[in-house]
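Given next are the chains, with one letter for each unit.
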Amino acid sequence: MTSYYAPKGGLPPQSDLLSGRAIFTPAYAVIPRGVMTDIVTSVFPGWTGARGWVLARPLSGFAETFSQIIMELAPGGGADAPEPDPEAECGIFVVEGALEITLDGAAREMRPGDYAYLPPACGYSVRNRGEGVSRFHWIRKSYEPASGLGAPDPIFTSESEVAPTPMPDTAGAWSTTRFAPPEDLRHDMHVTIVNLEPGGVIPFAETHVMEHGLYVLEGKGVYRLNDDWVEVEAGDFMWLRAFCPQACYAGGPGRFRYLLYKDVNRLPKLRAL
Ligand SMILES: NC(=O)N[C@H](N)C(=O)O
């Protein structure tokens, strides 16, 4: 069974300066795993037996695209109508326990490593039917329709079902697990897993208009974020604003892997909303 770090909550020990690694700048934020405690959870209307760590949300009203939340469901917890926004699409990636997603009357049991894409207004529900706690990433974006194209179909898949795409000239040391077909232009967001084998690097400072949410699923790495090199490990979250230069290298004995959100495939708006 795949295993990822997921926050467990609790209160911070008085003896430990766990928040020392937290960073917030105009270009990026780092939320280390140690600060995802009981103090910073939210409880959302319409959910039962549930709480969430909000890791990212649009800040300035129009310049940012997405929200990312780690949801935690007690046994029996969930929501019959999780999404209040009729324009919101979402990606759900399970990191711990079991999660049942019901869509069009069909219930699917999801396990760690499983991913679902749910288009706007599709009317899905979520429930933890397991005996232990369930934890999953809930990544939401306001869907931007493209002329002549409908909204994407739902996707239910798993990282074990998708062969990673290697980057050229890396001998597979850097690869990407793609949950949605890149050629399907109905999609305006991609959720992928970036895989770096020990010694793998992103050797140049990628700088682009797309935003990112990065949640480290496994391992350790050193990430270049704008002007800084930051050590990160499993359970840490990074929020990168548009244009934030970024590079990294795997820094531990094992693989360094992260869940990546990216907005894609749409012409930029020429006026502020
Ligand atoms: N930071 C990243 O992993 N970025 C990706 N290579 C990407 O933007 O596709």
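The chain is annotated in an unreviewed UniProt entry as (S)-ureidoglycine aminohydrolase from Pikeienuella piscinae.

### So, the UniProt feature "domain: Cupin type-2" (unreviewed entry) in the chain
Those residues carrying the UniProt feature "domain: Cupin type-2" (unreviewed entry) are residues 70–139 and 193–258 in this numbering. A helix fraction of 0% and a strand fraction of 61% characterise residues 70–139, whose end C-alpha atoms lie 9 Å from each other. The span residues 193–258 shows a helical share of 0% and a strand share of 62%, and its end C-alpha atoms are spaced 6 Å apart.

### What about the site of the ligand?
By nearness alone, every residue bordering the ligand is listed as Trp174, Val194, Ile202, Glu206, His208, His212, Tyr223, Gln246, Tyr258, Leu260 and Lys262. Within the side chain of Glu206, a nitrogen or oxygen atom sits 2.7 Å from a nitrogen atom of the ligand. Lys262 places a side-chain nitrogen or oxygen 2.8 Å from an oxygen atom of the ligand. Compared with its free state, where it exposes 270 Å², the ligand has 87% of that area covered by protein. More than half of the atoms of the ligand fall within 2 Å of the grid points belonging to the second largest pocket. Among the secondary structure elements, those contributing two or more residues to the shell around the ligand are β15 (201–206) and β21 (256–263). It is β21 that provides the largest number of residues to the shell around the ligand, a total of 3 residues. A breakdown of the residues in the shell around the ligand according to their chemical character gives 6 nonpolar, 3 polar and 2 charged.

### Thoughts on the pattern of salt bridges
Taken as a whole, this structure holds 19 salt bridges when the rule is applied. The salt bridge partner of Arg135 is Glu72, with a shortest N-O separation of 2.7 Å. Taken together, the positions of Arg135 in strand β10 (residues 134–142) and Glu72 in strand β4 (residues 66–79) put the pair 63 residues apart, joining distant regions of the chain. Among the charged side chains, a salt-bridge network with shared partners connects Lys8, Asp38, Arg51, Glu72, Glu96 and Arg135.

### Overview of the layout of surface pockets
The space that makes up the second largest pocket amounts to roughly 300 Å³. Around the second largest pocket sit 18 residues that line it, and Thr176, Arg178, Glu206, Leu260 and Lys262 are the ones nearest its centre. Of all the secondary-structure elements, those providing two or more residues to the lining of the second largest pocket are β13 (174–178), β14 (189–196), β15 and β21. Residue composition of the lining of the second largest pocket, grouped by class: 9 nonpolar, 6 polar and 3 charged.

### Details of the environment of Ile23
Tracing the backbone through its elements, the reader meets Ile23 in strand β1 (residues 23–24). Given the relative accessible area of 27%, Ile23 is considered partly exposed. For the pair Ile23 and Val126, spaced 103 residues apart in the sequence, the C-alpha separation amounts to 33 Å. The residues touching Ile23, leaving out its near neighbours within four places in the chain, are Tyr28, Ala29, Val30 and Val230.

### A closer look at the state of the cysteines
Under the counting rule described, the total for this entry stands at 0 disulfides. Left without a disulfide partner, Cys122 is nearest to the cysteine sulfur of Cys90, which lies 7.0 Å away. Among the cysteines around Cys248, which has no disulfide bond, Cys244 carries the closest sulfur, lying 12 Å off.

Rules used throughout
- Residues numbered from 1 in each chain as written.
- Predicted model: local features only at pLDDT ≥ 70, side-chain atom pairs only at ≥ 80, totals over all residues.
- Heavy atoms only, no water.
- UniProt positions renumbered as here; feature names shortened; annotations may be inferred.
- Helix = DSSP H or I, 4+ residues; strand = E, 2+ residues; numbered from the N terminus.
- Near = heavy atom within 4 Å.
- Polar contact = N/O pair within 3.5 Å; in protein donor to acceptor, adjacent residues only side chain to side chain.
- Areas by Shrake-Rupley, 256 points an atom, 1.4 Å probe, with all protein chains shown as cover.
- 1 Å grid on protein atoms, 1.4 Å probe; cavity = no way out; pocket = protein on both sides within 12 Å on 5 of 7 lines; lining within 4 Å.
- Sits in = over half its atoms within 2 Å of the grid points.
- Nonpolar A, V, L, I, M, F, W, Y, C, P; charged D, E, K, R; others polar.
- Salt bridge = Lys/Arg side-chain N within 4 Å of Asp/Glu carboxyl O.
- Points joined across faces, edges and corners; volume = space filled by probe spheres on them.
- Buried < 20%, exposed > 50% of the residue type's maximum accessible area, 1.4 Å probe, protein only.
- Contact = heavy atoms within 4.5 Å.
- Disulfide = S-S within 2.5 Å.

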